[in-house]
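# What the coordinates show
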Amino acid sequence: MEWKNREGYPDNFLWGAATSSFQIEGAATADGKGVSVIDVMEKKADITDFSVASDHYHHMEEDVALMAELGLKIYRFSIAWTRIFPDGNGEVNQKGVDFYNRLIDTLKKYEIEPLVTMYHFDYPQALVEQYGGWISRQSIDDYHSYAAFLFKTFGDRVKYWLTINEQDHVIRFSSRLGITEGSYIEKMWLGYQANHHMCVATARVIETFHRLGMKGKIGPAVSYSWIHPSSSNPADVLASKDAALIKNNYLLDLHCKGIYSKAFWKYLEERNYTPKINEGDMELIRQNPPTMIGVNYYYSETAEAFPANDKHPIGYHKETPLPTAEAGIFNIIKNPQLPATDWGWEIDPAGLRLTLRELYERYEIPLIITENGIGAYDKLEAGDVVQDDYRIDYLQKHIQQIQLAMNEGAEVFGYCAWSFMDLVSARNGVQKRYGFVYINREEFDLKDLRRIKKKSFNWYKEVIRSNGEKVWKN
């Protein structure tokens, strides 16, 4: 819709930025930190590992001072599980607790709300070795114990909690589950079993959140790509709807409604992916829905029909980590109407508006954008200048669409750009830069790790100062 009048952002809107522990902290073995699945992943020869990253662990006070200069109202970060419990359970590492206490206290000093992600890909390797990690029901107890400890230790200062980041991506990238062997089918079956355990664990944590009388909001952060049909052909429209179910909606149906939809369960049955469900699991999930949904949005996708045939029978799929084609269901194709990033992610601000409307109309739970940004080959020029106008353009257009979605009824209470500073991209290393702050290092040359404000830093500062009005001006 187009509107004669545009409502502004509310005065209490939470303008923020986001990071994750393993992508910025470095200090991978410092002060008693244990080993995570990220630490033991097979290394790529052409990109760096996460051992130093942006060295936030040793630059925390400087980094938070920059956040305050930027004007952040909220900062999303994750706690490294293995800094708190080096083995995933058992003995507490006090030095890890002390670090996050200092971080939270420093944020509060600058009146920045902490938004804590409890688990962001870096699962304790020791739990994988002890019993298989998330594919075992024992993982539910260990995650719950870890979360309860975080509530009791930091809950006096933290009001906003994200339970699990991009759960669907965890189960599809088997290395994030600690699974290194087996066929695609075996890995997917184990992934959906792990997914069920994560949903049960999340429900138990939300139940405890309420039982402890915690103030604020709690929920998952989900990766969501709006899926367009490739044409007005009804077969393509159906393909886009089915792709949305398999890639996105099945997970929030579980978290928010406590159901495996009939269509999704049949999909699992036909592929032998069905998880084992214990008595009481679904009731526990139904009784403990999230009180907010974190939305990670970067791009949209476009689906066309993919009729099954002799060459591609039902069950045929492209063996890619994220679903891109399944015979009899959908095929993801390039959208000629949309530009793309250097990494081929199609830039679609209206897709974010569609996503927010869809999620709020579907679940009626408050939303916060927990990731949104553009990775690019930023160039540091003479005089410590980074001219990232492409980032400004990307963020400006997406923030406009958030406001329009809010005008149309979506309840959105905050926005966290990805990312506050340059970090090590989970699959592309340092070369793929996202931040408002440039970190002066390369893949294998740490240089001096100086923090350098990009052009987008000053632009976003004005967006926050104007409470969003800056995005409607040149």
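Keep in mind that what you see is a predicted model, and the values were worked out from it rather than measured.

With that settled, the discussion passes to the packing of helix H10 (residues 234–257) against helix H11 (residues 262–270). Closest axis-to-axis distance for the H10/H11 pair is 11 Å, and the angle between their directions is 120°. In terms of orientation, H10 lies oblique with respect to H11. Every pair of crossing elements has a handedness; the one defined by H10 and H11 is left-handed. Contact residues: Leu245, Ile246 and Tyr250 in H10; Ala263, Phe264 and Tyr267 in H11. Here the contact of H10 with H11 is built from residues that sort into six nonpolar, no polar and no charged.

Right, let's talk about the packing of aromatic side chains for a bit. Scanning the model with the defined rule gives 38 aromatic pairs in all. On the numbers, 6.5 Å between centres and 75° between planes, the contact of Trp15 with Tyr460 is edge-to-face. Residue Trp15 is located in strand E1 (residues 14–18), and its partner Tyr460 is located in helix H15 (residues 455–465); the two are separated by 445 residues in the primary sequence. Given the relative accessible area of 1%, Trp15 is considered buried. Under the relative-accessibility criterion, Tyr460 is labelled buried at 0%. Plain terms: the ring middles of Tyr192 and Tyr250 are 6.1 Å apart, the flat faces sit at 75° to each other, and that makes the pair edge-to-face.

Let us look at the pairing of strand E7 (residues 293–296). Both faces of E7 are covered, namely the face carrying Ile293 and Val295 and the face carrying Gly294 and Asn296. Bridging between strand E5 (residues 217–223) and E7 involves three bridges; their strand directions are parallel. Counted as the bridge partner of Val222 is Val295 from E7. In this structure, E7 lies alongside strand E11 (residues 367–371), joined through four bridges in parallel fashion. Residue pairing for E11: Ile293 is matched across the bridge by Leu367.

Calculation notes
Residues numbered from 1 in each chain as written. Predicted model: local features only at pLDDT ≥ 70, side-chain atom pairs only at ≥ 80, totals over all residues. Heavy atoms only, no water. Axes fitted to C-alpha atoms, helices over the stretch in contact; angles between N-to-C directions. Helix = DSSP H or I, 4+ residues; strand = E, 2+ residues; numbered from the N terminus. Parallel < 35°, antiparallel > 145°, perpendicular 65-115°, else oblique. Left-handed = near helix turned anticlockwise from the far one by under 90°. Contact = heavy atoms within 4.5 Å. Nonpolar A, V, L, I, M, F, W, Y, C, P; charged D, E, K, R; others polar. Phe/Tyr/Trp six-rings, centres within 6.5 Å; stacked < 30°, edge-to-face > 60°. Buried < 20%, exposed > 50% of the residue type's maximum accessible area, 1.4 Å probe, protein only. Pairing = 2+ DSSP bridges.

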